[in-house]
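Structural description and commentary
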Amino acid sequence: MSIHDCSIIDLPRINDPRGNLTFVEAGRHIPFNIQRVYYLYDVPGGAERGGHAHKALHQLVIAMSGSFDIHLDDGQSKKTIHMNRSYYGLYICPMIWREIDNFSSGAVCMVLASDYYDELDYYRQYAEFINDAVKVIK
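We now turn to the structure provided with this report. Here the residue numbers are simple positions, counted from 1 along each chain's written sequence. Local features are withheld for residues below a pLDDT of 70 in this predicted model, meaning they are given only at 70 or higher, and side-chain atom pairs are given and counted only at 80 or more; totals for whole chains, interfaces and linings count all residues. Calculation of side-chain values draws on the structure's entire complement of heavy atoms; hydrogens and water are dropped beforehand.

We now examine the overall build of the protein chain. Strands here mean DSSP runs of E at least two residues long; helices mean DSSP runs of H or I at least four residues long; both are numbered from the N terminus. The number of helices and strands found in the protein chain is 1 helix and 12 strands. Listing every helix and strand of the protein chain by position from the N terminus yields β-β-β-β-β-β-β-β-β-β-β-β-α. Only C-alpha atoms enter the radius of gyration, while the globule expectation follows 2.2 Å times N to the 0.38, with N the number of residues. Computed over its C-alpha atoms, the radius of gyration of the protein chain comes to 15 Å, within 12% of the 14 Å expected for a compact globule of 138 residues. Along the first, second and third principal axes, the C-alpha set of the protein chain runs to 50 × 35 × 25 Å.

Glancing now at the sheet that holds strand S6 (residues 59–65). Backbone hydrogen bonds are what pair the strands of a sheet, in a parallel or an antiparallel way. The strand order across the open sheet built from 5 strands is S1-S9-S6-S11-S4, with neighbouring strands paired in antiparallel fashion. The open sheet terminates on both sides in strands that have one partner only, identified here as strand S1 (7–10) and strand S4 (36–41). Geometrically, the sheet is characterised by an average inter-axis angle of 25 degrees between neighbouring strands, direction not taken into account. Summarising the sheet, S4 and strand S11 (residues 108–113) pair through 6 bridges and their orientation is antiparallel. Counted as the bridge partner of Tyr38 is Val111 from S11. Should DSSP find at least two bridges between two strands, the strands are regarded as paired. Every axis corresponds to a line fitted to the C-alpha atoms, with the helix fit spanning only the stretch in contact, and the corresponding angles, defined between N-to-C directions, vary from 0 to 180 degrees.

Salt bridge, as used here: a side-chain nitrogen of Lys or Arg that lies within 4 Å of a carboxyl oxygen of Asp or Glu. Within the structure shown, the criterion is met by 5 salt bridges. Ionic pairing is found between Lys78 and Asp73, a salt bridge with its closest N-O pair at 3.9 Å. Accessibility here uses a 1.4 Å probe with only protein chains present; expressed as a share of the type maximum, an area under 20% marks a residue as buried, one over 50% as exposed, and anything in between as partly exposed. Judged by relative accessible area, which is 66%, Lys78 ranks as exposed. The exposure class of Asp73 is buried, given its relative accessible area of 6%.

Quick look at the sheet that holds strand S7 (residues 68–73) now. What the 5 strands build is an open sheet, ordered S8-S7-S10-S5-S12; its pairing is antiparallel. Looking along the sheet, the strands with just one partner apiece sit at the ends: strand S8 (78–83) and strand S12 (122–123).

So, about the side chain of His54. Secondary-structure assignment places His54 in strand S5 (residues 49–54). Judged by its relative accessible area of 1%, His54 is buried. We define a polar contact as two N or O atoms separated by no more than 3.5 Å, with the added condition that, inside protein, one atom must be a possible hydrogen donor and the other a possible acceptor, whereas residues neighbouring each other in sequence contribute only through side-chain atom pairs. Only 3.3 Å separates the side chain of His54 from the side chain of His52, close enough to count as a polar contact. At a separation of 3.0 Å, a polar atom in the side chain of His54 contacts the side chain of Asp121. The residues contacting His54, other than those within four sequence positions of it, are Gln59, Pro94, Met95, Ile96, Arg98, Asp121, Tyr122 and Tyr123. Residue contacts are defined here by distance: any two heavy atoms, one from each residue, within 4.5 Å place the two residues in contact.

Between rings of Phe, Tyr and Trp, where Trp is taken as its six-membered ring, a pair exists when centres lie within 6.5 Å; planes separated by under 30 degrees are stacked, by over 60 edge-to-face, and by other angles tilted. With the rule as written, the count across this model stands at 9 aromatic pairs. Ring centres of Phe68 and Phe103 lie 5.4 Å apart, and the angle between their planes is 35 degrees; on these two criteria the pair is classed as tilted. Of this pair, Phe68 sits in strand S7 while Phe103 sits in the loop between strand S10 (97–101) and S11, and the two are 35 residues apart along the sequence. When its relative accessible area of 0% is taken as the criterion, Phe68 is described as buried. Aromatic side chains Trp97 and Tyr126 sit 5.2 Å apart centroid to centroid with 85 degrees between the ring planes, which places their arrangement in the edge-to-face category. Here Trp97, found in strand S10, pairs with Tyr126, found in helix H1 (residues 126–137); they are 29 residues apart in sequence, far enough to count as distant. For Trp97, a relative accessible area of 6% translates into the label buried. By way of ring pairs, the aromatic residues Trp97, Tyr123, Tyr126 and Phe129 are connected into one cluster.

Don't take any of this as a statement about function, it's just geometry.
Right, dumping it as structure tokens:
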């Protein structure tokens, strides 16, 4: 997997003068079934989240409110994506190191995940991730 497999997904929007609506359907808008949903909020100014990678988990990250930056790293290439629209989701495939920062005041980051929480699926140490990422690339 590489950062080139990570992409912005333009989610459906129904515009209405009473308020807009966006929805996400597993297998239709995103390439995985949703097993878990979690969200980050009340992130203090200057704080960073993420700082890990997953061995097998697929995720879709949505800026429900406000904005933040997601830094992606596959061991060879890096890119930063600014998230600031609730109708855009960033698909993150397995084996991608991610760091999230630059949270605006009141930002809410929602994540749809392909599986239940499993600590064994995490790379918490960048050196261990790089070591295994290089093996996958070869």
